Amino acid sequence: MIGAGFEMQESGFEDEDFGVGISRFDNSNEEWTMNFRYNLDTYTTQMSYKNLDIYKISFNLFLKAHKASFLLPKYELFELGSQLRRSSDSVITNIVEGYGRSVYKNDYIRFLVFSHASNDETINHLDKIIALYPEFSAEFGILKQEYDLLGGKINNYKKWVKENWIENKP
């Protein structure tokens, strides 16, 4: 029982982010909890770094670069291969961390700069691998082209954030 003599209440709200909220709840609050969780889940999946194209692309490229790094000779697995794996991971990680700090415009932009720099570092490692191991130039050359495109997308997104930032956003 929610309150003395209270058995059921009808209520509701409409919000552009959360959609339609609770319509009614009873003594157990189960329906309210279920509706709130549904709307919160919908909100959090709509507002997530996972929806950013640069995140999706960088995640897929990280998986490709990680697998490709194991094509290198054993003595390179923990040298150039490790550097490639770490820099490609850093591209994604900085996007995620920046998004987590996105209430602060300058922090968000700073982490996008870090992501772009890690993307450039990854391209540099790929250039070295292509020069040292021409037998793998087909696999690593495709990765390099894809990281070049990703670099442009990160740069464009960084510019978009600078120009379209909404001050005092929640």
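Provided above is the structure to which this section pertains.
> Which residues make up the pattern of salt bridges, and what values go with them?
Tallied over the entire structure, the rule returns five salt bridges. One salt bridge in this structure joins Glu146 and Lys64, with 3.2 Å as the shortest N-O distance. Linking Glu146 in helix H6 (residues 137-164) with Lys64 in helix H2 (residues 53-69), this pair joins segments that are 82 residues apart in sequence. With its nearest N and O atoms 3.2 Å apart, the salt bridge here joins Arg110 to Asp107. You can see Arg110 and its partner Asp107 sitting in helix H5 (residues 105-132), three residues apart, about one turn around the helix. Arg110 gets classed as partly exposed once you look at its relative accessible area, which sits at 38%.

> Describe the packing of aromatic side chains, listing the residues and the values that go with them.
If you walk through the whole model with that rule in mind, you get nine aromatic pairs. Both rings, one in Phe136 and one in Phe140, keep their centres 6.4 Å apart while their planes meet at 75°; by these two values the pair is edge-to-face. Judged on exposure class, the residue Phe136 and its partner Phe140 are both buried. Site record: aromatic cluster; members linked through ring pairs are Tyr49, Tyr55, Phe59, Tyr99, Tyr108, Tyr157, Trp160 and Trp165.

So, how was this worked out
Residues numbered from 1 in each chain as written. Predicted model: local features only at pLDDT ≥ 70, side-chain atom pairs only at ≥ 80, totals over all residues. Heavy atoms only, no water. Salt bridge = Lys/Arg side-chain N within 4 Å of Asp/Glu carboxyl O. Helix = DSSP H or I, 4+ residues; strand = E, 2+ residues; numbered from the N terminus. Buried < 20%, exposed > 50% of the residue type's maximum accessible area, 1.4 Å probe, protein only. Phe/Tyr/Trp six-rings, centres within 6.5 Å; stacked < 30°, edge-to-face > 60°.

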